[in-house]
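Reading the structure
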Amino acid sequence: MTTPSEQRRKFPDIPPPTKVHYDGARPQTIQVRVCRLITHHGGLREEHPFDQSTIRIGATDDNDLVLRDETVSRVHCRIDQDEQGYLIRDLGSTNGTYVNSVRVREAYLSPGCTISVGQTDILFYTSQDRVEVVPSSKNRLGDIIGKNVKMRELYAVIEKIAPTGATVIIEGETGTGKEVVAQTIHKLSQRASQSLMVFDCGAVPKNLIESELFGHEKGSFTGAIMTRQGLFEMAHNSTLFIDELGELPMELQPKLLRALEQREIRRVGATRSLKIDVRIIAATNRQLEEEVRAGRFRQDLYYRLSVVRLVLPPLRERSDDIPLLVESFLSEHNYNRLPDGSRKCTSVSGDAMELLTRYRWPGNIRELVNAIERAVSFASDSHVRSDDLPENVRSGDSHGFLPQALSATEIRPSHDVPRLIVDTPSGSISQNEPRLELPFKDAKDLWIAQFEQKYVTNLLKKHKGNISHAARTADIDRKYFRKLMRKYDIDSGKDDPADDED
């Protein structure tokens, strides 16, 4: 046992913390750190394994480890998992928390030590389960569809982590199906009997986000005419899916961190906190590591959320799934239903399917759904033909389209970055005009990407390819400037890296 005031050290017998980062690279293994608590009370011995990062111990049913011991406080103590190991904290209990017969307020636990709360002794052990990710044989998991090996490996990871209750962050480009993955994780969890609650940080005015998430008391601000529950309270004993996490204002991030760590929230204008039991699944199309470096996202919140990170592949990297997806859309979506309930279109012609699989789909699955819906509405019989597809798909450009402001000679096509469509059947759209026909998030992402491409390219031209000078002019970190270059596959035009030095 060591105390936090002493020099912290990592116990050699404590396995590293659970970190699952699935990005499609192989081979894949999952290493899960498990805490095992063995209770001894009244002659009974029971083992309780936990793989979550926080374990609450007490006498009431809202604790993770419930002790039927009259000398144990309602909420007696808590064990937190961090990079160092397991830290136990007494939560103001009446009879105190003891580790190896020494009363503690906080202490790091070593394997084999004895925790005493009331008249109950708890032996503490840890283990590490190493699980190899074997691709599933399924073509579908819940509402996730795909037979590509990356998707089948993703199914295997989801089936392992869904029942654990671990916090999950889902990363991926716009339209890759992050909400569908979140719904599937929830349906496979122990909370599936409760409704999944969904909150989109990008669709709510920033001044209302706190009230939406945490609720408010009557009179706490202008317009608060009644007390209102927030989504955290409504998601008690269930799952809360927070979409567009990167849009969460900095001033609210500490409150989200507290909700994750303490499992309690406080309404706007309230004087007391409320205990909640909520699993968090978050999603973002931003690269949060870059947001942390740029100071726009808290590092401690990022690490707290990144217990399980799932990176969804873009559709262009699994084009072999397109026929399966199209068949699913035609079978299940209402836009392909006739008044009698039968399907309007039952198949896709060979030339149309070839165009669908060749197109790069910068809008990913969301764009594919819209394209199929459009094709069904244009189809003259039960077959979708190439003439029914949108013009941008019929063009057959396997790389998608570049913004009009940047020619193909200025930016090399990349197989890793979605290209931006700025041509429509009605004509060209200049870079300064928003795509009003797109959903809000897609139009905003397109606008930002167009700006970033043109801004970085023009600065490099101005400084003759000198990245350091360009980054200094932009007033951003040189590494982040290079990241933007890689994101859009922009070449500085210099053959010798030494030419970039100051």
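The number of helices and strands found in the protein chain is 14 helices and 25 strands. Taken across its 502 residues, the protein chain has 50% of its residues classed as buried. In the form shown here, the protein chain has an accessible surface area of approximately 24100 Å², with 48% of it arising from carbon and sulfur atoms.

Turning to the confidence of the model for the protein chain, a few remarks are in order. Summary statistics for the protein chain give a mean pLDDT of 82 and a share of 81% for residues scoring 70 or more. At the low end of the mean pLDDT range in the protein chain sits strand β24 (residues 423-424), at 33; at the high end sits strand β8 (residues 97-99), at 97. Taken as a whole, residues 1-12 scores under 50 in pLDDT and shows 24 contacts with residues more than four places along the chain or in a different chain. For the stretch residues 398-431, pLDDT sits under 50, and the model shows 93 contacts to residues farther than four places along the chain or on other chains.

Read from one edge of the open sheet, five strands run β5-β4-β6-β7-β10, paired in mixed fashion. A strand with exactly one partner marks an edge of an open sheet, and here the two such strands are β5 (65-66) and β10 (106-108). As paired strands, strand β4 (residues 54-58) and β5 are joined by two bridges and run parallel to one another. Directly across from G58, in β5, lies its bridge partner V66.

The next subject is the pattern of salt bridges. Counted according to the given criterion, the structure contains 30 salt bridges. Between R309 and E289 there is a salt bridge; the shortest N-O distance is 3.4 Å. Of this pair, R309 sits in strand β21 (residues 308-311) while E289 sits in helix α6 (residues 288-293); the two residues are 20 residues apart in sequence, bridging distant segments of the chain. By relative accessible area, R309 is classed as buried at 10%. For R385, the salt bridge identified is with D381, shortest N-O distance 2.8 Å. Given the relative accessible area of 36%, R385 is considered partly exposed. Taken together, the shared-partner salt bridges in this structure form one network comprising R78, D80, R89 and E106.

Another point: the pairing of β4. Side-chain direction in a regular strand flips from residue to residue, so the side chains alternate between the two faces of the sheet. Among the five residues in β4, five count as buried, and that is most of the element. With burial as the criterion, each face of β4 is covered, one bearing T54, R56 and G58 and the other bearing I55 and I57. Relative to strand β6 (residues 77-81), β4 runs antiparallel, the two sharing four bridges. If you follow I57 over to β6, its bridge partner there is C77.

What counts and what doesn't
- Residues numbered from 1 in each chain as written.
- Predicted model: local features only at pLDDT ≥ 70, side-chain atom pairs only at ≥ 80, totals over all residues.
- Heavy atoms only, no water.
- Helix = DSSP H or I, 4+ residues; strand = E, 2+ residues; numbered from the N terminus.
- Buried < 20%, exposed > 50% of the residue type's maximum accessible area, 1.4 Å probe, protein only.
- Areas by Shrake-Rupley, 256 points an atom, 1.4 Å probe, with all protein chains shown as cover.
- pLDDT = per-residue confidence, 0-100.
- Contact = heavy atoms within 4.5 Å.
- Pairing = 2+ DSSP bridges.
- Salt bridge = Lys/Arg side-chain N within 4 Å of Asp/Glu carboxyl O.

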